[in-house]
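Chain by chain, the residues run as shown.
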Amino acid sequence: MIATGASSAPRPASAVLGPDHPLSRAIEAHDTALKQWRAVAAVLVGSVIALVEGRVWAPTVAGGAAIVLVGLTVIASARQQHKRDVALDMILGGEELLAIADVQRQRHRLLCQRTRAMLASNLEEIIEQATRYQKLQVRLVRPLFQRRVVASVADDLRLIIGLLLADDATARGVAACERLITHACSPLYGQDVALLRRELCRVRDMLGGGQ
């Protein structure tokens, strides 16, 4: 079975890494955006109540608060994604056992059977599209990857699928596989077969296939 716990209880990132570490800064930026979001949301709720009560000033305040809240929602979402990316970078760098809540949250998500099964399914679909595409078949949407490139490494991808579904898959390897699939600059979506094959070899080794 996969071990999903760290060696000690999670601590604040700034206490472990220092306030200037990228993860500490990302967490602080996200927390600040959330505080601002809650403050504006409170103003919006109050102005809506005032609007119902017929206050003359309420429509202007409610409209302004709603616009600001939309902007803060976008900012908070972007900062949440950045915080997640930094935590994943740390896992990819071999720091997956650090007792930091955000790192452990991502580690648990990566090792979850559902996450690994989803990534494996995505790779299976990519292989299917690359190797069984019919030239006479009309497709409204072309895949992002080059079929020729992916088809040439289909066996390597199938090996990675097996490693993803194995009980001893590592969080670091799953993170590498997720990046392979989700990042627009991934070799999976390029035209260089040799580069993609090297990346797949790296992902395989990180998953445990090189042991």
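Residues numbered from 1 in each chain as written. Predicted model: local features only at pLDDT ≥ 70, side-chain atom pairs only at ≥ 80, totals over all residues. Heavy atoms only, no water.

**Student:** Explain the overall build of the chain to me, please; I cannot follow it from the model alone.
**Tutor:** Helix and strand counts for the chain come out as nine helices and zero strands. Mapped in sequence order, the helices and strands of the chain form the string α-α-α-α-α-α-α-α-α. Looking at the chain as a whole, 37% of its 211 residues qualify as buried. Excluding contacts between residues fewer than 6 apart, the proportion of contacts in the chain whose partners are at least 24 apart in sequence is 68%. When the accessible surface of the chain is summed, it comes to about 12300 Å², and 58% of that surface belongs to carbon and sulfur atoms. (Helix = DSSP H or I, 4+ residues; strand = E, 2+ residues; numbered from the N terminus. Buried < 20%, exposed > 50% of the residue type's maximum accessible area, 1.4 Å probe, protein only. Contact = heavy atoms within 4.5 Å. Areas by Shrake-Rupley, 256 points an atom, 1.4 Å probe, with all protein chains shown as cover.)

**Student:** Could you clarify how one ought to interpret the nonpolar core in this entry?
**Tutor:** One broad rule of soluble globular proteins: the nonpolar side chains tend to lie buried together. Within the largest apolar cluster, 45 residues are counted, with the highest numbers of intra-cluster contacts made by Leu23, Leu123, Ile160, Leu164 and Leu207. When residues of this core are traced back to their parent elements, those giving at least two are α2 (22-52), α3 (58-92), α4 (101-111), α5 (113-131), α6 (147-152), α7 (154-165), α8 (171-182) and α9 (193-207). Ignoring sequence-local partners within four residues, the contact set of Ile160 consists of Leu123, Cys177, Leu200, Val203, Arg204 and Leu207. One finds Val40, Ala65, Leu69 and Leu72 within the second-largest nonpolar core, a separate group that totals five residues. (Core = buried A, V, L, I, M, F, W, Y, C linked by side-chain atoms within 4.5 Å.)

**Student:** In this structure, what is going on with α9? I would like to understand it.
**Tutor:** An α-helical turn contains 3.6 residues, so a residue and the one three or four places further along point in the same direction. The terminal C-alpha atoms of α9 lie 21 Å apart, and with 15 residues this matches the ideal 21 Å at 1.5 Å per residue to within 8%. If you check which residues of α9 are buried, you get Val193, Leu196, Glu199, Leu200, Val203, Met206 and Leu207. The arc that holds the buried residues of α9, viewed along the axis, is 145 degrees, so those residues lie on one side. Buried-residue contacts for α9 involve α3, α6, α7 and α8. Sitting at the amino-terminal end of α9 is Asp192, which places a side-chain oxygen 3.0 Å from the backbone nitrogen of Ala194. (Expected span 1.5 Å × (residues − 1). Arc of directions from axis to C-beta. Polar contact = N/O pair within 3.5 Å; in protein donor to acceptor, adjacent residues only side chain to side chain.)

**Student:** Would you explain the pattern of salt bridges in this entry?
**Tutor:** Opposite charge on two side chains permits pairing when their charged atoms draw close. Going through the model one piece at a time under the given rule, you end up with eleven salt bridges. In this structure, Arg107 and Glu96 form a salt bridge, with 3.1 Å as the shortest nitrogen-oxygen distance. With Arg107 in helix α4 and Glu96 in the loop between α3 and α4, this residue pair connects regions lying eleven residues apart in the sequence. Taken individually, Arg107 and Glu96 each receive the classification buried, so the pair is uniform in this respect. With its nearest N and O atoms 2.9 Å apart, the salt bridge here joins Arg105 to Asp102. Taken as a pair, Arg105 and Asp102 lie in helix α4 at a separation of three residues, close to a single helical turn. On the basis of relative accessible area, Arg105 is assigned to the partly exposed category, the value being 47%. Residues joined in a network through salt bridges with shared partners are Lys83, Asp102 and Arg105. (Salt bridge = Lys/Arg side-chain N within 4 Å of Asp/Glu carboxyl O.)

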